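Observations on the three-dimensional arrangement
As a plain string of letters, each chain reads:
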Amino acid sequence: MDKQQMKVKVYGARGSYSPVNGEATQFGVNTTCFRIDVGETILIFDAGSGIIPLGQDLVKEFFAKDATLDNWVTHLFFTHMHIDHLIGFPYFAMLYLPKSVINFISPRILDYDLKDVLDMFVHPPFFPVSLHDLPVTTNFYHMAEKYVVYFFEDNTFEIKQATEPAPEKWIARVQSIRNFMHPKGGSFFYKITSAAGRKVVIASDTEGFLGGDQRLVKFAEEADLLLHDAQYTFEEYQKFQGFGHSTYHMACEVAKQARVKKLLLIHHDPSHSDETLKQIEKAAQEIFPETYVASESMEFTF
Ligand SMILES: [Zn+2]
Ligand SMILES: [Zn+2]
């Protein structure tokens, strides 16, 4: 892969839980997980059930190029730690391979370290084995709004203060801002920028504002792709106001004001059938023409 190129792939686009009615299949059933490749660097956002098929793909890819690699490195970020963003983690194939190294780069939410949350979750009685007994090597790093994570061609990275000068020869960088519109500890928005200047913003689990979330509008300015929560129709929103999720109107408003090139609606309600999702896409395109409802296996290259 060209070291300047950025590839985004959706592995899970559902919110809350996987649909159980057996009808909603065209857009996929897995909860949120997104993969972004820049050169050899593999960035993963969230570990909903979508991380299970992602793990299966990664195992195949790493075995195919095994001879040239000492370690199989992935970098995992979490938007927050609600169960729909975590449920696939214990089944992530990269946990079970001795050559696998996972760098967890995450903010603290509700005063919990990600390491403590994962140690609790992948542990009896929730899971038969403990995270620290698995063959994978795990490294934990903190980030916050004031930090920028720079990735380099050799798959190493550096975390710098936003006020510090950028290091030389980075190929991708990740920034985040705290979103307060999600109960109870909020979530984190991420912006991934390639050295070529292409930008992807992930804004999952957020309830928009009338007139658009201006902090997010600024953060997502002129992004090539904005992934935005659009769990509810307007009618549903009236019942679920305050639950921390958006309508497509809110997502479109941010996309319009931020002048993004493409909007991808994510975190679909588990009750939404293919028919409902297609109607949402059509209605959203009337507000912001370059809007698409995210479905599993969707890929974008910049
Ligand atoms: Zn969620
Ligand atoms: Zn959530």
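Provided above is the structure to which this section pertains.
1. Notes on the sheet that holds strand E2 (residues 33–38)
- Read across the sheet, seven strands follow the order E6-E5-E4-E3-E2-E1-E15 without closing on themselves; strand pairing throughout is mixed. Among the strands making up the open sheet, the edge pair consists of strand E6 (137–142) and strand E15 (299–301). Across the sheet, the mean angle from the axis of one strand to that of its neighbour is 20°, orientation sign disregarded.
- As paired strands, strand E4 (residues 72–77) and strand E5 (residues 100–106) are joined by five bridges and run parallel to one another. By the bridge assignment, His75 is partnered in E5 with Asn103.

2. Overview of the nonpolar core
- Core analysis: the largest hydrophobic core is formed by 75 residues, its most contacted members being Leu226 and Leu265.
- Sort the elements by how many residues they give to this core and helix H5 (residues 248–258) lands first, with seven residues.
- Look past the residues within four positions of Leu226 in its chain and what remains in contact with it is Val201, Ala203, Ala220, Val254, Ala255, Ala258, Val260, Leu263 and Leu264.

3. Considerations on the sheet that holds strand E11 (residues 199–203)
- Read from one edge of the open sheet, eight strands run E8-E7-E9-E10-E11-E12-E13-E14, paired in mixed fashion. Taken across any chain shown, the strands that pair with only one partner, and hence form the sheet edges, are strand E8 (157–161) and strand E14 (291–293). Strand-to-strand, the axes of this sheet are offset by a mean angle of 20°, without reference to chain direction.
- Across the sheet, H5 is in contact with strand E12 (225–229), strand E13 (263–266) and E14; its angle to E12 comes to roughly 155°.
- Each of E13 and E14 touches helix H6 (residues 274–287); the most contacted strand, E14, lies at about 170° to it.

4. A closer look at H6
- The end-to-end C-alpha separation of H6 is 20 Å, in line with the 20 Å expected for 14 residues at 1.5 Å each.
- Among the residues of H6, those classed as buried are Leu277, Ile280 and Ala284. The arc enclosing the buried residues of H6, seen along the axis, measures out at 55°, which places them on a common side. Across from the buried face of H6, at angles greater than 90 degrees, the exposed residues are Glu275, Lys282 and Glu286.
- Of the surrounding elements, those touching the buried residues of H6 are H5, E13 and E14.

5. Some remarks on the pairing of strand E9 (residues 170–179)
- With seven of its ten residues buried, E9 lies for the most part within the structure.
- Where strand E7 (residues 147–152) lies against E9, five bridges are found, and the strand directions are antiparallel. Across the sheet, Tyr150 pairs through a bridge with Arg173, a residue of E9.
- As judged from the eight bridges shared by E9 and strand E10 (residues 187–194), these two strands associate in the antiparallel manner.

6. A short note on the pairing of strand E1 (residues 6–12)
- Along E1, five of the seven residues are buried, which leaves the element largely enclosed by surrounding structure.
- Relative to E2, E1 runs antiparallel, the two being bridged by six bridges. Counterpart to Val10 in the pairing with E2 is Phe34.
- Pairing geometry for E1 and E15, over three bridges, is antiparallel. Paired with Lys9 across the strands is Glu299, a residue of E15.

7. Quick notes on the environment of Ser100
- Along the chain, Ser100 turns up in strand E5.
- By the C-beta count within 10 Å, which is 23 here, Ser100 ends up buried.
- Taking the C-alpha atoms as reference points, Ser100 and Phe62, separated by 38 residues in sequence, lie 9.4 Å from one another.
- When residues no more than four places from it in sequence are discounted, the contact partners of Ser100 are Trp72, Met94 and Val136.

So, how was this worked out
Residues numbered from 1 in each chain as written. Chains lettered and ligands numbered in written order. Predicted model: local features only at pLDDT ≥ 70, side-chain atom pairs only at ≥ 80, totals over all residues. Pairing = 2+ DSSP bridges. Helix = DSSP H or I, 4+ residues; strand = E, 2+ residues; numbered from the N terminus. Axes fitted to C-alpha atoms, helices over the stretch in contact; angles between N-to-C directions. Core = buried A, V, L, I, M, F, W, Y, C linked by C-beta atoms within 7 Å. Buried ≥ 20, exposed ≤ 12 C-beta atoms within 10 Å, placed from the backbone. Contact = placed C-beta atoms within 7 Å. Expected span 1.5 Å × (residues − 1). Arc of directions from axis to C-beta.

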